[in-house]
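# Observations on chain architecture
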Protein chains: 2
Amino acid sequence: MKTMVEIALTPVSYLVLGEVARRGSATPYDLKVSVAESVGNYWSFPHAQLYKEPPRLAAAGLLAEEREAAGRRRRIFRITEAGRHRLQEWLSSADSGRTELRDLGLLKLAFADLGRPGDVARLARAQAVAHRAHLEVYRTLAALPADAMVWSLRRTLDLGFAYERLMAEFWERLGADPALVRTPPPPADSARPTRDAPSQGAAAAVGSAGDVVASPGTQVVPDDVAAEGGGVG
Amino acid sequence: MKTMVEIALTPVSYLVLGEVARRGSATPYDLKVSVAESVGNYWSFPHAQLYKEPPRLAAAGLLAEEREAAGRRRRIFRITEAGRHRLQEWLSSADSGRTELRDLGLLKLAFADLGRPGDVARLARAQAVAHRAHLEVYRTLAALPADAMVWSLRRTLDLGFAYERLMAEFWERLGADPALVRTPPPPADSARPTRDAPSQGAAAAVGSAGDVVASPGTQVVPDDVAAEGGGVG
DNA sequence: CCACAATCGTCTGACTCGGACTATCGCTCA
DNA sequence: TGAGCGATAGTCCGAGTCAGACGATTGTGG
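The numbering scheme is per chain: residues are counted from 1 as the chain's sequence reads. Each chain is given a letter, starting from A, and each ligand a number, starting from 1, according to the order in which they appear as written. Residue-level local features of this predicted model are given only where pLDDT is at least 70; pairs of side-chain atoms are given and counted only at 80 or more, and the full residue set underlies all totals for whole chains, interfaces and linings. Side-chain figures throughout are based on the complete set of non-hydrogen atoms in the structure, without hydrogens or water.

### Some points on the overall build of chain A
Spelled out, the test is: Helix numbering and strand numbering both begin at the N terminus, where a helix is a DSSP run of H or I of at least 4 residues and a strand a DSSP run of E of at least 2. For the exposure calls, accessible area comes from a 1.4 Å probe over protein chains only, and a residue counts as buried if that area is under 20% of its type's maximum, exposed if over 50%, partly exposed in between. Only heavy atoms matter for contacts: two residues are in contact if any of them lie within 4.5 Å across the pair. Each accessible area is a Shrake-Rupley result for a 1.4 Å probe, and residues are judged covered by the shown protein chains and nothing else.
A count of helical and extended segments in chain A gives 8 helices and 3 strands. Reading chain A from its N terminus to its C terminus gives the helix and strand order α-α-α-β-β-α-β-α-α-α-α. Burial analysis of chain A (233 residues in total) assigns 54% to the buried set. The long-range share in chain A, meaning contacts at least 24 apart out of those at least 6 apart in sequence, stands at 61%. Carbon and sulfur atoms provide 57% of the accessible area of chain A, an area that totals close to 10300 Å².

Here it is in structure tokens:
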């Protein structure tokens, strides 16, 4: 068994290994489709990678490649013993890196103090709608019969659901914050204070009216609620 | 004012623009530090990018670059009118792309049916600990005086907190699932069924004992709890 | 003046990303 | 039967991302 070089495996690698292992065999397109309706719900992988990764894994001896006999003669991949082993190894290791919450809306909110008064409210509405919509997708998935999906995958989708709910509620709450709708006292038109002296304002809001939007009344993190259960299970 | 080419802005770009705008001026190192203790809590940006991006933005006319007079003669960046404008524009647009939950632990769980019996329990424990730990970080941040942080940023950290709590509870609940600890009926040693015929098993578990771990009793997504509030605000 | 830690910064190379672009298939309607 | 068409399937590309190794500078105490 040619051991080839031991390549470094990335998340995509394991995704591919896992998906191929589970299905027995798969074409890149198969991967693309099944990833889209499973893990892709919370972690999106560009499809180009699902085409590029299998050959790479095959070159490393972790997958075996064949071709369809007729028709499009697509590449079909199966996992090898070496591949199985690497997958196992990964599954057995408890350490997983940092968790990442990549949400452009959140990033926007982080800098919302630099924006114009109406911005946050608009953003909050849009975000709430988007998350509610995704919530529906999860609901559909959850309604699938028990045998449509392995238990472990389903658990992750449960979490996806809970996550979307958390987000939806967060934005709805934020949007409902009275501090967001009242108080545009400094007319929104005086929005260019530091116009020609950009280097002058040490902590100046980009469009002024920054901290006007600040909501004084809302407390930070309710220390005490830590136990009340988000309702994941 | 030389308009230069209008470059495409990525999340890092806005992060840098925003941070520079807020501080008035910043060196890449400043960015690295303040990002680490704010947005970096839920969305980590490799520090190399915080060194690379400002010059890029400067080349596009969105930042202005100077140097310290003495000492290390570090690069100091300030936002320009053009930069302010682009930032504003972004802050005003309500659409933000997909939200992403990049969590290796979750990916692992998704394929846990292919693993060995004890794996999930171990993973769950480790994940729970990690999330509880990060929860503490957020608690510390939340304890900071009101003027230590703009309201908008604080809101996002609130969400980060809620997110970590959600995760911690998810993994704890999962780890507590009796189905995980009982039932290693098929001896864990028969773990290599398809040893020499890797292509045979259409849906075979990598290490067998796959669906044994499945927890039949746990319902999928409690439709009704959608209103009970995760406790973000 | 050296040692040493903390601060500060650069570089590299493999991988990621998303979207434009191409090709093939199966079907329908003229 | 073959042009049109939507779904399926795959390729390509260049800019951006990423982690981590590495290098340089500064401040402090001995």
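### Things to note about the protein's contact with DNA strand C
Note the following rule: Here a residue counts as near a molecule or strand whenever at least one of its heavy atoms sits within 4 Å of it. A 3.5 Å cut-off defines polar contacts: any pair of N or O atoms within that distance qualifies, except that in protein one atom must be a possible hydrogen donor and the other a possible acceptor, and neighbouring residues in sequence count only when both atoms are side-chain atoms. Charged residues are taken to be Asp, Glu, Lys and Arg, nonpolar residues to be Ala, Val, Leu, Ile, Met, Phe, Trp, Tyr, Cys and Pro, and polar residues to be all remaining types, Gly included.
In the vicinity of DNA strand C there are 17 residues, among which Arg72(A), Tyr29(B), Arg72(B), Arg74(B) and Arg102(B) approach most closely. A share of 72% of the atoms of DNA strand C within 4 Å of the protein falls on sugar and phosphate groups. Separating a phosphate oxygen of DNA strand C from a side-chain N or O atom of Gln49(A) is a distance of 3.2 Å. Arg74(B) places a side-chain nitrogen or oxygen 3.2 Å from a phosphate oxygen of DNA strand C. In terms of residues, the surface near DNA strand C owes the most to one element, helix H3 (residues 47–59) of chain A, which gives 5 residues. When grouped by side-chain class, the residues that make up the surface near DNA strand C number 6 nonpolar, 5 polar and 6 charged.

### A closer look at the protein's contact with DNA strand D
By nearness alone, 18 residues border DNA strand D, and Tyr29(A), Arg72(A), Arg74(A), Arg102(A) and Arg56(B) come closest of all. Taking all atoms of DNA strand D within 4 Å of the protein, the share assigned to sugar and phosphate is 73%. Contact between DNA strand D and Gln49(B): a phosphate oxygen at 3.2 Å from a side-chain N or O atom of the residue. One nitrogen or oxygen atom from the side chain of Lys52(B) is found 3.3 Å from a base nitrogen belonging to DNA strand D.

### Here we look at helix H2 (residues 28–36) of chain B
Residues and elements named next belong to chain B. Under the convention used in this document: Think of it as the arc spanned by the lines of direction from the helix axis to the C-beta atoms.
Along H2, the residues classified as buried are Pro28, Leu31, Ser34 and Val35. Projected down its long axis, H2 carries its buried residues within an arc of 135 degrees, all on one side. Among the structural elements, helix H1 (11–23), helix H3 (47–59) and strand E2 (75–79) are those in contact with the buried residues of H2.

### Topic: the confidence of the model for chain A
Definition in use: Values of pLDDT, which run from 0 to 100, indicate the predictor's confidence residue by residue.
Here chain A averages 79 in pLDDT, while 75% of its residues score no lower than 70. Overall, residues 183–233 of chain A carries pLDDT values under 50, and its contacts beyond four positions in sequence, including any with other chains, amount to 89 contacts.

### A word on the pattern of salt bridges
Residue and element names in this part refer to chain A. For clarity, the threshold we go by: Just to be clear on terms, a salt bridge is a Lys or Arg side-chain nitrogen sitting within 4 Å of an Asp or Glu carboxyl oxygen.
Scanning the entire structure with this criterion turns up 25 salt bridges over all chains. Here Arg56 makes a salt bridge to Glu53, at a shortest N to O gap of 2.5 Å. Separated by 3 residues within a single helix, Arg56 and Glu53 lie in helix H3, roughly one turn from each other. With a shortest N-O distance of 3.5 Å, Arg84 and Glu81 are connected by a salt bridge. Of this pair, Arg84 and Glu81 both sit in helix H4 (residues 81–92), 3 residues apart, which is roughly one turn of the helix. Across the pair, exposure class does not vary: Arg84 and Glu81 are buried alike.

### Observations concerning the side chain of Thr27(A)
All names here are of chain A. For Thr27, the position within the fold is in the loop between helix H1 (11–23) and helix H2 (28–36). Residue Thr27 is classed as buried on the basis of its relative accessible area, which comes to 4%. With residues near it in sequence (within four places) discarded, Thr27 still touches Arg74, Arg75 and Ile76.

### Regarding a nonpolar patch on the surface
Residue and element names in this part refer to chain A. Using the following cut-off: Patches were defined on residues exceeding 30% relative accessible area and lacking a salt bridge, with like-charge contacts within 9 Å and nonpolar side-chain contacts (Val, Leu, Ile, Met, Phe, Trp, Tyr) within 5 Å.
A contiguous nonpolar patch, built from Tyr29, Val33 and Tyr51 and spanning about 260 Å² of accessible area, is present on the exposed surface. Along the chain, Tyr29 falls in helix H2. For Tyr29, a relative accessible area of 42% corresponds to the partly exposed category.

### Some remarks on the packing of H1(B) against H3(B)
Pairs of packed helices are described in terms of their axes, by the angle between the two and the distance that separates them. Residues and elements named next belong to chain B. To be explicit about the condition: Inter-axis angles, ranging from 0 to 180 degrees, are taken between N-to-C directions of lines fitted to C-alpha atoms, where helices are fitted over the stretch in contact. Between 65 and 115 degrees an angle is taken as roughly perpendicular, under 35 as roughly parallel, over 145 as roughly antiparallel, and anywhere else as oblique.
The contact between H1 and H3 brings their axes to 10 Å, and the two run at 80 degrees. Put simply, H1 runs roughly perpendicular to H3. Here Val12, Ser13, Leu15, Val16 and Leu17 of H1 come into contact with H3, specifically with Gln49, Leu50, Glu53, Pro54, Arg56 and Leu57. Its residues assigned to classes, the contact of H1 with H3 shows 7 nonpolar, 2 polar and 2 charged.

### Description of the packing of aromatic side chains
Cut-off, in case you're wondering: Here a Phe, Tyr or Trp ring, Trp counted by its six-membered ring, pairs with any other such ring whose centre lies within 6.5 Å, and the pair is stacked when the planes are under 30 degrees apart, edge-to-face when over 60, and tilted otherwise.
Taken as a whole, this structure holds 7 aromatic pairs over all chains when the rule is applied. Taking 5.2 Å as the distance between ring centres and 20 degrees as the angle between the ring planes, the aromatic pair formed by Trp43(A) and Phe45(A) counts as stacked. Note on Trp43(A): relative accessible area 7%, which makes it buried. Judged by its relative accessible area of 13%, Phe45(A) falls in the buried class. Seen from their ring centres, Tyr14(B) and Trp90(B) are 4.3 Å apart, and the 5 degrees between their planes marks the pair as stacked. With Tyr14(B) in helix H1 and Trp90(B) in helix H4 (residues 81–92), this pair connects stretches of sequence that are 76 residues apart. Both residues of the pair, Tyr14(B) and Trp90(B), belong to the buried class.

### Re the packing of H1(B) against H4(B)
All names here are of chain B. Selection criterion: Helix crossings fall into two classes, left-handed where the near helix is turned counterclockwise from the far one by less than a right angle and right-handed where it is turned clockwise.
Closest axis-to-axis distance for the H1/H4 pair is 10 Å, and the angle between their directions is 115 degrees. With respect to H4, the axis of H1 lies roughly perpendicular. Note that H1 runs across H4; the crossing there is left-handed. Between H1 and H4, the residues in contact are Tyr14, Leu17, Gly18 and Ala21 and Gly83, Arg86, Leu87 and Trp90, respectively. In the contact of H1 with H4, the residues fall into 5 nonpolar, 2 polar and 1 charged.

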